[in-house]
Amino acid sequence: MQSKPSGGFIDTLEENLIAALLGAMTLLTFANVVARKGFNSNILWGLEATVFLFGWLVLLGASYAVKKGAHLGVDVMINGMSESRRRITGLIAIAVCIAFSFLLLKGSWDYWANFANLPKTEGRWFPLGFEDKFLAKGWYELDDIPHPSILKWMEDVFNEGESYNKMPRMIPYIVLPISSALLLLRFVQAGISVWKGESDRIVASHEVEDEIDEARAQIGD
Amino acid sequence: MSVLFLFLLVIGFLMIGVPIAVSLGMSSILFLLIFSDTSLASIAQTMMQAFVGHFTLLAIPFFILASSFMSTGGVAQRIIRFSIACVGHLRGGLAISGVFACMMFAALSGSSPATVVAIGTIVIAAMRQAGYTKEFAAGVICNAGTLGILIPPSIVMVVYAAAVEVSVGRMFLAGVIPGLLAGLMLMVAIYVMARIKNMPKGEWKGWGEIGASFRDASWGLLLIVIIMVGIYGIPGVTGAFFTPTEAAAVSSVYAFFVACFIYRDMGPLAARDGQERKSILQAPQAIITAWFHEDTRKTLFEAGKLTVTLLFVIANALILKHVLTEEQIPQAVANAMLSAGFGPVMFLVVVNIILLIGGQFMEPSGLLVIVAPLVFPIAIELGIDPIHLGIIMVVNMEIGMITPPVGLNLFVTSGVAGMPMMSVVRAALPFLGVLFIFLIMITYIPAISTFLPNTIMGPELILK
């Protein structure tokens, strides 16, 4: 039950972002229903925008959940261990998480880089420098979302001056490298705090731990 | 056996306290790096594809949001008042009302622990005041709370539908009769126990109270009407209005309006600082400010956080599913089982056992994403209806949640009731028996699940 309290600028920023993304998804889907039923029209890019917001919400939120120790896990075994053993198991678990987010970061970069005219990394599982020659795929576009006019400059930078009809693919997919980098950062931080003995686990056993703490507090009154 | 390696890895990671999502994702990545030539980039793509490619899963955040708006308000309290007015005067009435309230709340929310927290915090305290033992109260709520995933809308059903590509609408309809049946069986069991042990009964407050409390609760209960009518239309009058995902989005906007402007339990019109609830006429600017109010932001954030933790598990489970399908493991398992001469009955027993054990350790939706694709092809081969299989799996999850030693609902109830885990386990045992009988009925009488969807939506086409 180590749900950490929120506070601080970054926390607020992340929380507002989570709230805003979910709110935007809901309103967009709702607006699309209203448009279809009420006005017999359609927000053509609504669905595509919603699914990308959805991906952004979960991927960016995942690193926030690491910071708050909110990811679901099994704590039966570690609860039964002695303190010193729990610390060691905790460190092994964190090492697994760090390795995971590291591999994910490499994969995300490799997937995204070419869409932004950047080189992939060499190597199968460990990055061994950047590739020399690659196919620039900055011209890849999404299906429905129009390219906003404030981002017109991107056409010169990424598309040799040719105009984008739809938003280029690199924009929504940039969340992959960003979120896995954040995930890596948060797991390293969690590892440091276990190393220092400030916490002993990174998982919550179920989704309503906070609510139960509240209920406990009420009974105590 | 490389597959064995994969599963041992998952279990090993889980046991040492690696988050479920990472355990699933990391095992799959290691498996792919060692045994195949898949690149890391394609794994990252699969991760993103979990959201971009599964329109069905999009319903989950919306259902979570609707139920968060509903539970911030006093909807639980209003539902409990209505159910006490209806059945509170029977012997053991308060306990029966608790089950009834759980059933109604389950129709507003898609999660079992959420149902236990919302209804349990109020009903367990009320039952103790009325002279029931704490154990009995906890046992009742612990079991009735599991109905949250069986009575539609249900997050677990959405996950099943997305994992094996059946219609969410069908799954929801299929859950209606089993949900009502399970609730009824629990109520009857309580009534019989109450008769034998001569438990307290409440007083009959008359039809007036039923009417008044129903009017009060109806704004909340209308949510389920919106969802059901929206997805299925009114038979014979009109067709469906929207998809399940859109229904979920509409219901969360509706829940927001009810919580902010009708019940006024949250938002700018709520009672605070000793002031009464304000009417919209006193503060018309609330129409604008409610959207940005601190309470709204907080509810959105809480729902968002829950979405993140659930969907991160599901996204990683989808990577594992990807591995399993690529390695043709479901087919291998199916062939092994079929050549071992398993008939439908034996197969369902095996599914029951796998899920009961797995449900102990894992969050239900994550478990379902992995197990469903494994057993689905076998079920089709054996001629088991996919919808029926889905309901069986959901009921198994329910029982897994209240099976010692580590059922999820046991934890939650022990927290809510403030009693040790072991006494909750003992308290839940008699009703666990009821649910077991229910599971056997569901497993071997397919019509309970398939009757409603086949009648309303026509018989299903099974594509192999």
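Scroll up a little and you will see the structure.
Residues numbered from 1 in each chain as written. Chains lettered and ligands numbered in written order. Predicted model: local features only at pLDDT ≥ 70, side-chain atom pairs only at ≥ 80, totals over all residues. Heavy atoms only, no water.

## Topic: the overall build of chain A
Counting secondary structure elements, chain A contains eight helices and two strands. Counting helices and strands in the order they occur from the N terminus, chain A gives α-α-α-α-β-α-β-α-α-α. Seen through its C-alpha atoms, chain A measures out along the principal axes to roughly 65 × 55 × 30 Å. By the burial criterion, 48% of the 221 residues in chain A qualify as buried. (Helix = DSSP H or I, 4+ residues; strand = E, 2+ residues; numbered from the N terminus. Buried < 20%, exposed > 50% of the residue type's maximum accessible area, 1.4 Å probe, protein only.)

## A look at the overall build of chain B
Within chain B, the secondary structure is distributed over 21 helices and zero strands. Relative to the globule expectation of 23 Å for 464 residues, the C-alpha radius of gyration of chain B, 23 Å, shows essentially globular dimensions. With the C-alpha coordinates aligned to their principal axes, the bounding extent of chain B is approximately 65 × 55 × 50 Å. Expressed as a percentage of its 464 residues, the buried residues of chain B come to 64%. (Rg over C-alpha atoms; globule rule 2.2 N^0.38 Å.)

## Let's talk about the interface of chain B and chain A
It is common to report an interface's size as the accessible area lost on association of the parts. Tallying the contact residues gives 68 residues for chain B and 70 residues for chain A. Between chain B and chain A the total buried area reaches about 6,300 Å² when both faces are included, carbon and sulfur atoms providing 80% of it. By the criterion of area lost to chain A, the three top residues of chain B are B:L40, B:M48 and B:F51, representing 10% of everything that side buries. Counting across the chain B and chain A interface gives one salt bridge. For B:E246, the salt bridge identified is with A:R36, shortest N-O distance 2.8 Å. The tally of links between chain B and chain A comes to five residue pairs in polar contact (both at pLDDT 80 or more). A per-element tally of the side of chain B that touches chain A places helix α14 (residues 294-326) of chain B first, with 14 residues. A breakdown of the residues in the side of chain B that touches chain A according to their chemical character gives 49 nonpolar, 14 polar and five charged. (Contact = heavy atoms within 4.5 Å. Buried area = accessible area lost by both parts, 1.4 Å probe. Salt bridge = Lys/Arg side-chain N within 4 Å of Asp/Glu carboxyl O. Polar contact = N/O pair within 3.5 Å; in protein donor to acceptor, adjacent residues only side chain to side chain. Nonpolar A, V, L, I, M, F, W, Y, C, P; charged D, E, K, R; others polar.)

## Remarks on the packing of aromatic side chains
All names here are of chain B. Inspection of the entire model under this criterion finds 21 aromatic pairs over all chains. The interplanar angle of 40° and the centroid separation of 4.9 Å between the aromatic rings of F31 and F35 together place this pair among those described as tilted. Of the two residues, F31 and F35 both sit in helix α2 (residues 20-35), four residues apart, roughly one turn of that helix. We classify F31 as buried; its relative accessible area is 1%. Of the residues examined, F35 reaches a relative accessible area of 42% and is grouped as partly exposed. Taken together, a centroid distance of 5.2 Å and an interplanar angle of 50° make the contact between F82 and F214 tilted. (Phe/Tyr/Trp six-rings, centres within 6.5 Å; stacked < 30°, edge-to-face > 60°.)

## Side note on the environment of B:I319
By the secondary structure assignment, B:I319 is in helix α14. Taking the C-alpha atoms as reference points, B:I319 and B:S27, 292 residues apart in sequence, are found 9.7 Å from one another.

## Side note on the layout of surface pockets
Residue and element names in this part refer to chain B. Space inside the second largest pocket adds up to approximately 660 Å³. Surrounding the second largest pocket, 23 residues form its lining, F7, I11, I354, L367 and V371 being those nearest its centre. Of all the secondary-structure elements, those providing two or more residues to the lining of the second largest pocket are α1 (2-15), α15 (329-339), α16 (344-361) and α17 (364-381). Sorting elements by how many residues they give to the lining of the second largest pocket places α17 first, with six residues. Classifying every residue of the lining of the second largest pocket by side-chain character gives 22 nonpolar, one polar and no charged. (1 Å grid on protein atoms, 1.4 Å probe; cavity = no way out; pocket = protein on both sides within 12 Å on 5 of 7 lines; lining within 4 Å. Points joined across faces, edges and corners; volume = space filled by probe spheres on them.)

## What to know about the environment of A:D144
All names here are of chain A. Considering the arrangement of structural elements, one finds D144 in strand β1 (residues 141-146). Separated by 21 residues in the primary sequence, D144 and N165 have C-alpha atoms spaced 9.3 Å apart. For D144, the residues in contact, after removing those within four places along its chain, are L44, W45, E48 and K166.

## Remarks on the nonpolar core
Residue and element names in this part refer to chain B. With 245 residues, the main nonpolar core has F136, Y160, F347 and L389 as its most contacted residues. No other element matches α14, which puts 16 residues into this core. Each residue touching L389, except ones within four places of it in the same chain, is listed here: Y160, F347, L348, V375, F376, A379 and I384. (Core = buried A, V, L, I, M, F, W, Y, C linked by side-chain atoms within 4.5 Å.)

## Here we look at the pattern of salt bridges
Pairing of side chains with opposite charge becomes possible as their charged atoms draw close. This model, assessed by the stated rule, comprises ten salt bridges over all chains. The shortest N-O distance in the salt bridge between B:R81 and B:E209 comes to 3.1 Å. You can see B:R81 sitting in helix α5 (residues 75-87) and its partner B:E209 sitting in helix α11 (residues 206-232), a full 128 residues away along the chain. Judged by its relative accessible area of 18%, B:E209 is buried. Connected via shared salt-bridge partners are A:D11, A:E14, A:K67, A:K68 and A:R186.

## Concerning the packing of helix α1 (residues 9-39) of chain A against α14(B)
Remark: α1(A) packs on α14(B), axes separated minimally by 8 Å, with the N-to-C direction vectors making an angle of 85°. For the element pair α1(A) / α14(B), the angle class is roughly perpendicular. Facing A:E15, A:N16, A:I18, A:A19, A:L22 and A:G23 of α1(A), the residues of α14(B) in contact are B:R297, B:L300, B:F301, B:A303, B:G304 and B:K305. Its residues assigned to classes, the contact of α1(A) with α14(B) comprises six nonpolar, three polar and three charged. (Axes fitted to C-alpha atoms, helices over the stretch in contact; angles between N-to-C directions. Parallel < 35°, antiparallel > 145°, perpendicular 65-115°, else oblique.)

## Description of unusual backbone geometry
All names here are of chain B. Look at the link from P152 to P153: it is a cis peptide, with omega at -5°. As for its position among the elements, P153 is in the loop between α8 (134-144) and α9 (155-164). Phi at N198 is positive, roughly 50°, even though this residue is not glycine. On the secondary structure map, N198 appears in the loop between α10 (168-197) and α11. When its relative accessible area of 53% is taken as the criterion, N198 is described as exposed.

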